[in-house]
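Working through the structure, step by step
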Amino acid sequence: MSPPVITHVEQTPAVTSLRSKDLLGIADMAPDEISLILDTAEAMKEIGSRPIKKVPALRGKTVVNLFYEPSTRTRTSFEIAEKRLSADTLSIAIASSSVVKGETLADTALNLEAMQPDMIVLRHPSSGACHLLSRICRSAIINAGDGMHEHPTQALLDAFTIRERKKRLAGLKVAIVGDLLHSRVLRSNIHLLTKMGAEVWVCGPPTLIPTDVTRFGVRATSHVDEAVADADVIMLLRIQLERMEGAFFPSLREYFNIFGMTEARLRGAKPDVMIMHPGPMNRGVEIASEVADGPYSVILDQVANGVAVRMAVLYLLAGGVEHETAA
Amino acid sequence: MKRLLKGGRVVDPANGIDGVHDVLLDDDRIAGIGRDLPVDGAAVVEIPQGFVVCPGFIDMHVHLREPGQEHKETVASGAAAAVAGGFTAVACMPNTTPVNDDANVTAYILARAAEAGLARVYPIGAVSRGSKGELLADIAELKQAGCVAITDDGRPVATALLLRRAMEYAGMFGIPVIEHCEDPSLKGEGVAHEGYHAAVLGLRGMPGACEALGVERGILLSELTGSHFHVAHMSARASLRAVRKGREAGVRVTCEVTPHHFTLTDESLASPIPYDTNVKMNPPLREAADRDAMLAGIADGSVDAIASDHAPHHYDEKKVEFDRAPFGIVGLETAVSLSLDRLVHAGIIRLPRLVELLSVNPARILGVAGGSLSVGAPADLTILAPDLHVRIDASRLRSRSKNTPFDGWQLRGGVAATIVGGRPVFINPDAGLSV
Amino acid sequence: MPVVMDADRIARTLTRIAHEIVERNRGVEALALVGVRTRGVHLARRLQRSLREITGHDVPTGALDITLYRDDLMRNAVGPQPLVRKTEIPFSIDDRTILLVDDVLYTGRTTRAALDALIDFGRPRGIQLIVLVDRGHRELPIKADYVGKNLPTAPEESVQVCLEESDSRDEVVLQQGGAA
C-alpha cells in the first residue's frame, strides 16, 4: 500500500501580513489580504484533525469576546479558535438591559483595555460599533458582526468553503437570496466576492433590497429563477420574522412561495451547485428542509470552516516578528 | 457716544449700497452713511482695505439649550458663540427643558440674554404645549412675551389639522410658523440619508421624500390659511422644487438652508472618519445632487436665508455608537467662514446676496429690526475680513460644545468684529482690526 | 560565493545517509520520514526514494510546518507574521521511529519547535534528526543523528541550500551576511 501523496503546493504569497491592526470589515481589505487569510486558514484547518488540537502560537495572549447580542454559534467558534491557538480567552455576554441602564460601549471598552487584552472580538447591534472601539482602544478589534454593517469572518468562511470545493472564486456565479436590506452577512459577502472576481446576483423583494445596490457591483433582481440560473453557489439569508411588522412583505408563506429555495427551484442552477446558509435557518421560510439537508448543502462545512478561518484571523492580527528568519 | 467706521466696503443691499463708505454710529443707532464723513468728536475706527461692513447677521435657527440642558450650552455661552461667529442676533428654538411654551420660559431666556449683553436673542415659542402635538400653546401670550415665531422644531407639527390651526392663529399676530418638515412614518428609525453610503455602512436611511412630504403639506396649508410658512433647515432637492412651485402660485412660503447642507454630502459618513457622530444631524447630509440643488437655490433666490441650526451636544453624548448619538452639530462659529469660502469665493453668489441671506431676509421673515444700515436703524453691524485665512479649531470654540465636523478645516474669510447696539462685542484678534 | 556542495556531492551524501538509516535501524518497516518545511520536505522525499531503491519498501513521508511553534513568534507588537503553511502527516506517528529531516542545523531552535509539534501528533518510539548541513553555533542542546556535511561557519556568514524542487538547481553555498 503506497502512502498518501503530499498534495499541498508551495506558493509564495503576495503579502504576509494584514495592513490594519483590526478586522473591521471586508470593504477596506485588498484581495491579497483576503487570499492571505484563506491560505492561512487552510493550514489552520489541519490542526482540527490532530489528536492534540492545539498549537502554542498565541500562548500568553488574552482575547476578550465581548458580545452585546446573543450568539451561540459565532461565539463558540471564536472561543474554540482562540483555545486552539493556546490563547487565554474570556467571553462576556452583555444583556440588552444592562446596555440601557449602564455603561456606554466606550466606557466598557476602556475599562477592559485597562486590563490589557491583546484582542477584543466584538459583536454589537449598532453599525459602526467596531469602528468606535478601534478609535479608542489599542487592542486589535475583530468585528464579529456590527448591526447591519458587516460580519467579515462569516464572509471569509463562506469564501473558504467555496474555494475548497471549487478551487477558485473568480468567475463563479453566486446568487444571494434573502433579507438583503438588514443583512451584514450580505454586505460582507458582496464586498468579498466582488473583490475576488465572482459574479454576484442579489435577489429578494424590492422592499428588502438596499438603495443603489448595483453600485456595489452586483446584479439585482426580484426573480429567483433569474438569480439561480446557472449559479455555482446559492447563499440563502435568514429572514427575520419581525420584518413582517415593517411591512416588508405580507407573510412568511408568501415569502417562501416566491423566494424560498426548494428542490424545484434549484434545477436551474449548475449540477454541482453549492447551497449555503450562515445560520440559524428558518426551515420552510428561506429554505426548504429537503434542500437544507440535501446533497448540495454545505451548511455544516461552513460551520467547521469557521473555526479555521477565525484561527487564521486571530493569528494574523496578533502581531509577529520583524522579518522571517530561519534557524 | 459717536463712532465713525471709516473706509470700509459697505454692503447694504436694502439701501442699494455697495462701495467704500464711512458709517457713523451714534450710541445704539446708525446716524449716517457717506463718503468722507466729518469726524466731529467721534471715535474713529479705521477699517482696513478689503474689509466689509454690513448690517448685523441674524441666525434665525439656533438651539441655546437653556433652560434645562446647560451642560450643552447656555444663553450666555451661545450668545458669546454667536458674536464670535459674526451674528448680532439669534432666534432660539423652544425645545428646551421645559419647552418654551409659556411666557415664563420666554422671560427667563430674555433675562439671561440681557445679562450676557452680547447678541440679541429672539425666542421662538412652541406651537403646541410641550411640543407634544396635542393642544395649541398659548401663542398670544408667547408673542406678547417676546416670541417672534412658533415651531415644534425637533419634530414636525403632529397633525395637519393642528398645523392648520396654528397657522390660522399665528396669522392673527403676523408671526410665521416655522416647521421641521418630515413624515415620521417614512423617517422610521432612520439616522442618515437613504442612499449608497448609508447602505454600505449599514445605517437606516431617511429619503429626501420624507422631508419633501412635510414641505408640501405646509405649503398647501399656507395656501389654505394665507399664513406665512417657513421651512426650517431645507436639505432635499424635492423640497426646493416644492418651495419654488408654491412661490410661483403665490403662497407665502420662505425657506432656510444650513451651511453644512450646502457644503457636505453623505460621503462624510464614510470619510474621513467612518461613522463620525459629528456628521449625524436631522435632516441628514444628503447626496451631491441635493447639495448642489441647495447651492443653485441660494444662487437664484429661491432660498431666502442661511441659518446654522446650531445644535450643541456634550462630548459624552456624541462619543457613542452612531445609532445612539443625538442629532446635530454646532454652527454659529463656522457659518460665516463657510459662507464666504464656499459661496462667495467659489463664485456662487456675491457679497450683497450673502448679506440678504444672512441679514436682510432673516430680519424680514422674523419681523425684527435689522437687515439694513438705514439712518435710525439699530447699530448692529458685522465687519467681515473676506480674505482672512481661518483655521477652524474645535477646542477654541466659545460654545460649550465642540461637536463640529469642520475641525481643522482651512477656509478663506472670517469675521473681524461684531457690533451690537453700537458696542463692539467681539473683535477677532487675528483679523488686524483695532476698535 | 563559495560552493560548498555541488549537485553531485549532494546526491552522494543523501545516498550515504540512506544507507546509514537502514544500517542503524536494522530495517525500515517501523520508520517514517517527516520533512521540516520547506526544503526539509524535498530532502525527505529524496530519502524516501533512496530507501525504496535500497529496500523496496515505501517509508511513509510527511511535511511539518513549525511556524506556530517557533519561540520567536509574537515577540513584536507589529510586523508581518511568518506565513503558516499546511502540515501534512497523513499517518499515525505512534510507535514509529520518526526521521526528522531539515536542510541546515544552526541554533537548534527549529528542531526544538519541530519536536514540540511532533509530540502533539502522537507518541513516537523515537525521533532521529537528519540534516544536510550542520553549521555549528548551537544555542540549545540539540544534536543531529545523521549529518550530510559538517561546515564550520562564522556567525555573520549564512548557509544557503538550493534544491531543484524549489530553486531550480542543487547546491549549497556559503554567503557573507544574510539569514541562516
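Everything here concerns the structure above.
None of these values were measured; they are calculated from a predicted model.

1. A few points about the overall build of chain B
Secondary structure summary: chain B contains 13 helices and 19 strands in total. Relative to a compact globule of 435 residues, whose C-alpha radius of gyration would be 22 Å, chain B shows 21 Å and is just as compact. Dimensions of chain B along its principal axes, counting C-alpha atoms only, are 65 × 50 × 45 Å. Out of the 435 residues belonging to chain B, those deemed buried represent 62%. Contacts spanning at least 24 positions in sequence make up 74% of the contacts within chain B whose residues lie at least 6 apart. Both charge centroids of chain B, one from 42 positive and one from 53 negative side chains, sit 0 Å from each other.

2. Quick word on the overall build of chain A
Check the secondary structure of chain A and you find twelve helices and nine strands. Against the globule reference of 20 Å for 327 residues, chain A gives a C-alpha radius of gyration of 20 Å, in line with a compact fold. Here the C-alpha coordinates of chain A stretch approximately 65 × 60 × 35 Å along the principal axes. Residue burial in chain A is summarised as follows: out of 327 residues, 58% are buried. Counting contacts in chain A only where the partners sit at least 6 residues apart, residues at least 24 apart contribute 72% of the total. In chain A, the 35 positive side-chain charges and the 38 negative ones have mean positions that sit 2 Å from each other.

3. Re the arrangement of the chains
With two pairs of chains in contact overall, the greatest share of contacts is found between chains A and C. Where chain B comes nearest to chain C, the C-alpha atoms are still 23 Å apart, and the two do not contact one another.

4. Observations concerning the packing of helix α12 (residues 335-344) of chain B against helix α13 (residues 351-366) of chain B
All names here are of chain B. Viewed as axis vectors pointing N to C, α12 and α13 meet at an angle of 140 degrees, and their least axial separation amounts to 11 Å. Accordingly, the angle class assigned to the pair α12 and α13 is oblique. For α12 against α13, the interelement crossing comes out right-handed. Across from Ser339, Leu340, Leu343 and Val344 in α12, the residues of α13 making contact are Leu351, Leu354 and Leu358. A breakdown of the residues in the contact of α12 with α13 according to their chemical character gives six nonpolar, one polar and no charged.

5. Overview of the pattern of salt bridges
For side chains bearing opposite charge, pairing can occur when the charged atoms are close. Applying the stated criterion across every chain yields a total of 48 salt bridges over all chains. For Arg50 of chain A, the salt bridge is made with Glu46 of chain A, and the minimal N-O distance between the two is 2.9 Å. Here the two residues Arg50 of chain A and Glu46 of chain A agree in accessibility, since each one is buried. Among the ionic pairs, Glu189 of chain B bridges to Arg204 of chain B, the shortest N-O distance being 3.7 Å. With Glu189 of chain B in the loop between α5 (184-187) and β12 (192-193) and Arg204 of chain B in the loop between α6 (196-201) and β13 (205-206), this pair connects stretches of sequence that are 15 residues apart. Salt bridges linked by common partners bring Arg19, Asp32 and Glu33 of chain A together as one network.

6. Comments concerning helix α6 (residues 152-166) of chain A
All names here are of chain A. The terminal C-alpha atoms of α6, which comprises 15 residues, lie 21 Å apart, in line with the 21 Å expected from a rise of 1.5 Å per residue. A large share of α6 lies buried, amounting to 13 of its 15 residues. At the exit of α6 stands Lys167, carrying a positive phi of roughly 65 degrees.

7. Notes on the sheet that holds strand β7 (residues 157-162) of chain C
Residues and elements named next belong to chain C. Here three strands make up an open sheet; going across it, the order is β1-β8-β7 and the pairing antiparallel. In this open sheet, the two strands that pair with only one neighbour each are β1 (3-5) and β7. The average angle at which neighbouring strand axes cross in this sheet is 30 degrees, direction not considered. As paired elements, β7 and strand β8 (residues 171-176) share six bridges and run antiparallel to each other. Looking across to β8, one finds that Glu157 is bridged to Gln176. Along the sheet, helix α1 (residues 7-25) makes contact with β1 and β8, crossing β1 at roughly 25 degrees.

8. Considerations on the nonpolar core
Core analysis: the biggest nonpolar cluster contains 98 residues, and Met44 and Leu156 of chain A together with Leu64 of chain C have the highest contact counts within it. Element by element, the count of residues in this core is highest for helix α12 (residues 299-317) of chain A, at ten residues. Residues Ile306, Leu343, Val360 and Val415 of chain B belong to the second largest nonpolar core, which totals 70 residues.

9. A look at the sheet that holds strand β5 (residues 126-134) of chain C
All names here are of chain C. Reading across from one edge, β3-β2-β4-β5-β6 is the order of the five strands in this open sheet, with parallel pairing throughout. The open sheet is flanked by β3 (61-64) and β6 (146-150), the only strands paired with a single partner. On average, each strand axis in the sheet is tilted by 25 degrees relative to the strand beside it, whichever way the strands run. Here strand β4 (residues 97-105) pairs with β5 via eight bridges, running parallel. The residue bridging Leu105 from the neighbouring strand is Asp134, located in β5.

10. A look at the packing of α1 of chain C against helix α2 (residues 39-55) of chain C
Residue and element names in this part refer to chain C. Relative orientation of the contacting elements α1 and α2 amounts to 60 degrees, with a least axis distance of 9 Å. Taken together, the axes of α1 and α2 are oblique relative to one another. For the crossing formed where α1 meets α2, the hand is right-handed. Listed contacts from α2 to Ile10, Leu14, Ile17, Ala18, His19, Ile21 and Val22 of α1 are Leu43, Arg46, Leu47, Ser50, Leu51, Ile54 and Thr55. Taken together, the residues of the contact of α1 with α2 break down into ten nonpolar, three polar and one charged.

11. What to know about helix α7 (residues 184-195) of chain A
All names here are of chain A. Between its terminal C-alpha atoms α7 stretches 17 Å, which fits the 16 Å expected from twelve residues at 1.5 Å a residue. The buried count for α7 comes to ten of twelve residues, which makes it a mostly enclosed element. Those residues of α7 that sit buried are Arg184, Val185, Leu186, Arg187, Ser188, Asn189, Ile190, His191, Leu192 and Leu193. Gly197 lies just past α7 and shows a positive phi near 90 degrees.

Scoring rules and cut-offs
Sequence order as written defines the numbering, with residues in each chain counted from 1. Each chain takes a letter, starting from A, and each ligand takes a number, starting from 1, following the order in which they are written. pLDDT decides what is reported in this predicted model: residues at 70 or higher carry local features, side-chain atom pairs at 80 or more are listed and counted, and totals for whole chains, interfaces and linings draw on all residues regardless. Think of the side-chain values as coming from all heavy atoms in the structure, minus any hydrogens and water. Secondary structure counts use DSSP, requiring at least four H or I residues in a row for a helix and at least two E residues in a row for a strand, with both numbered from the N terminus. Two things to know: the radius of gyration comes from C-alpha atoms, and the globule rule equals 2.2 Å times the number of residues to the power 0.38. Think of it in three bands: residues with accessible area under 20% of the maximum for their type are buried, residues over 50% are exposed, and the middle band is partly exposed, with areas taken using a 1.4 Å probe on protein chains only. Only heavy atoms matter for contacts: two residues are in contact if any of them lie within 4.5 Å across the pair. In summary, the charge assignment counts Lys and Arg as positive and Asp and Glu as negative, without counting His or the chain termini. Lysine's charge is taken at NZ, arginine's at CZ, aspartate's at CG and glutamate's at CD. In this description, a line fitted to the C-alpha atoms serves as the axis of each element, helices being fitted only across the stretch in contact, and the angle between N-to-C directions of two axes falls anywhere from 0 to 180 degrees. Angle categories are assigned with fixed cut-offs, so that under 35 degrees is roughly parallel, over 145 is roughly antiparallel, 65 to 115 is roughly perpendicular, and the rest are oblique. For a crossing to be left-handed, the near helix must be turned anticlockwise from the far one by less than a right angle; the clockwise case is right-handed. Note on residue classes: Ala, Val, Leu, Ile, Met, Phe, Trp, Tyr, Cys and Pro are nonpolar, Asp, Glu, Lys and Arg are charged, and everything else, Gly too, is polar. When a carboxyl oxygen of Asp or Glu is within 4 Å of a side-chain nitrogen of Lys or Arg, the pair counts as a salt bridge. Helix span, as expected, comes to 1.5 Å for every residue beyond the first. When DSSP locates at least two bridges between a pair of strands, those strands are taken to pair. In this description, a nonpolar core means a group of buried Ala, Val, Leu, Ile, Met, Phe, Trp, Tyr and Cys residues linked to one another through side-chain atoms lying within 4.5 Å.

Geometric values such as these leave the question of function open.
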